[in-house]
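The residues making up each chain are set out below.
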There are 2 protein chains.
Amino acid sequence: MEENKRPLIFISNDDGYQAGGLKYLAEIARQYGDIFIAAPSTHQSGKSSALTVEIPLRAKLVANDCEGGHMTFYHVSGTPADCIKLAVNKLMPRTPDIVLSGINHGYNSGNSAIYSGTMGVVFEGSFLNIPSIGFSYGDYTSNADFTPCEPIIRQMIELAVAGKLPTDVCYNVNIPKCEHINGTKVASAATGRWVEEYESRIDPHGEAYYWLTGKYAPTDPDDDTQDLYWLQRGYVTIVPCRADQTAHSAISNIAKLINQ
Amino acid sequence: MEENKRPLIFISNDDGYQAGGLKYLAEIARQYGDIFIAAPSTHQSGKSSALTVEIPLRAKLVANDCEGGHMTFYHVSGTPADCIKLAVNKLMPRTPDIVLSGINHGYNSGNSAIYSGTMGVVFEGSFLNIPSIGFSYGDYTSNADFTPCEPIIRQMIELAVAGKLPTDVCYNVNIPKCEHINGTKVASAATGRWVEEYESRIDPHGEAYYWLTGKYAPTDPDDDTQDLYWLQRGYVTIVPCRADQTAHSAISNIAKLINQ
């Protein structure tokens, strides 16, 4: 972070630039630094780390230095990962000091985080060695009240601003929707998989089509090292993550198998 | 694998159902089992593990029991991850015994694999605990000659058919385009990041637009534990991967930081 300067905080999300969760996160973050938002023009849930390859991107300025504070706000015609890449390369005055994503309207817990556009932003931040944090709240409605998210957002931003948050990992934070939040647990992503994933329908012309649906079936629902266990018990969860999916511990065994 | 039955091998890719790499992979794989292909209707490079959420999917039968062998061939109006999910849930007679993806027209090496639609298929296979392998070849042309890929494809399929390939990880295999292949190395994904990523242009109406471009800058180009090092020296590389991005070794340190 440059000395004597307010931190420059980049924010994006996957619900699109008009989402309430994005606005809520920006309102808290602007108390800690200058804000630069580049969020998707349209809803981009489930977009993972997808990039737009075959068509070019557009960026549209929504607001600049609004409300007397320092907040620049674009929307971008692509995925969440497109938004941060384009912002860092072409739109921002300098590389940001902190990357935030969300607040997502709905959980990104367990190994389902692989599909998360919210985390797609965060992994891009981690490639830049910047403290990068995604926030997701267990209320899927568009008019969700994000008040329960405020304490953990402040705690994470304050750690980042103070330079205390390790940047060799990035952070997937989920906040439970419940009567009372019991605390915060650092955990691994729950293991499981989606089942009964598609609903078949027949269109008016007699042709089949398929809607994505389904439910998440955890492999070990009673494993108290996993995020889902704690979310269901009213705890905020933080999963430290790496973009690199190498299974390092498997390398030597596979090498023996391949070269024998 | 069910006894006395030919293995059922699922194949998809991200270059689309008409790609030469897909056809080449299927022609080898059908010598080992019955083939079920569900590949994207259109080009889906860079789609990572993205899912189609807001519109339904269509599946179109291209061929069934073609050429006297057992090969069923669909194309699906979505991403690579959509293809395997829809196939396993709605199109296939049973869960496949092996999942293959590719052959991709171009490398998916280093931590760029996070963007790979080829690997999006493979990670879905790994959620099902099925041996799952992605193949990528360093020739980006549509009429590439995939002959150099044949030995490693056979070796990996034969290990999978024999039940020898561990299924707690999945496999990202890259084949170099070069005069002579020197061997095979099991490695970790190269660390690095993309730089100079967008080219700005002005449209006929005076508005800016941005094309994704750029180049990959490895952090440690001389690190011989990384795939890129060996690809550049004429070796096939295999990176064992996990879908779960939890940084397990970081959990206890972050927990101390958060709860102090």
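Let me begin by describing the structure that accompanies this report. (Residues numbered from 1 in each chain as written. Chains lettered and ligands numbered in written order. Predicted model: local features only at pLDDT ≥ 70, side-chain atom pairs only at ≥ 80, totals over all residues. Heavy atoms only, no water.)

1. Looking at the relation of the copies chain B and chain A
1) Next: Superposing chain B onto chain A requires a rotation of 180 degrees together with a translation of 0.0 Å along the rotation axis, leaving an RMSD of 0.0 Å. This pairing of chains is accounted for by a two-fold axis.
2) Next: Most of the interface of chain B is mirrored in chain A, where 100% of its interface residues are also at the interface. (Least-squares fit on C-alpha atoms with pLDDT ≥ 70 in both. Contact = heavy atoms within 4.5 Å.)

2. Quick notes on the pairing of strand E4 (residues 71–76) of chain B
Residue and element names in this part refer to chain B.
1) Next: Burial analysis of E4 places six of its six residues in the buried class, which makes it a mostly covered element.
2) Next: With burial as the criterion, each face of E4 is covered, one bearing Met71, Phe73 and His75 and the other bearing Thr72, Tyr74 and Val76.
3) Next: Inspection of the sheet shows strand E2 (residues 34–40) paired to E4 by six bridges, in the parallel sense. For Ala39, the partnering residue across the bridge sits in E4 and is His75. (Buried < 20%, exposed > 50% of the residue type's maximum accessible area, 1.4 Å probe, protein only. Helix = DSSP H or I, 4+ residues; strand = E, 2+ residues; numbered from the N terminus. Pairing = 2+ DSSP bridges.)

3. Details of the packing of helix H1 (residues 20–29) of chain B against helix H4 (residues 150–161) of chain B
Residue and element names in this part refer to chain B.
1) Next: In the contact formed by H1 and H4, the axes pass within 10 Å of each other and the chain directions differ by 50 degrees. Relative to H4, the element H1 lies oblique. For the pair H1 and H4, the crossing hand works out as right-handed. Of the residues in H4, those touching H1 at Tyr24, Leu25, Ile28 and Ala29 are Glu150, Ile153, Arg154 and Ile157.
2) Next: Looking at the contact of H1 with H4 residue by residue, the classes come out as six nonpolar, no polar and two charged. (Axes fitted to C-alpha atoms, helices over the stretch in contact; angles between N-to-C directions. Parallel < 35°, antiparallel > 145°, perpendicular 65-115°, else oblique. Left-handed = near helix turned anticlockwise from the far one by under 90°. Nonpolar A, V, L, I, M, F, W, Y, C, P; charged D, E, K, R; others polar.)

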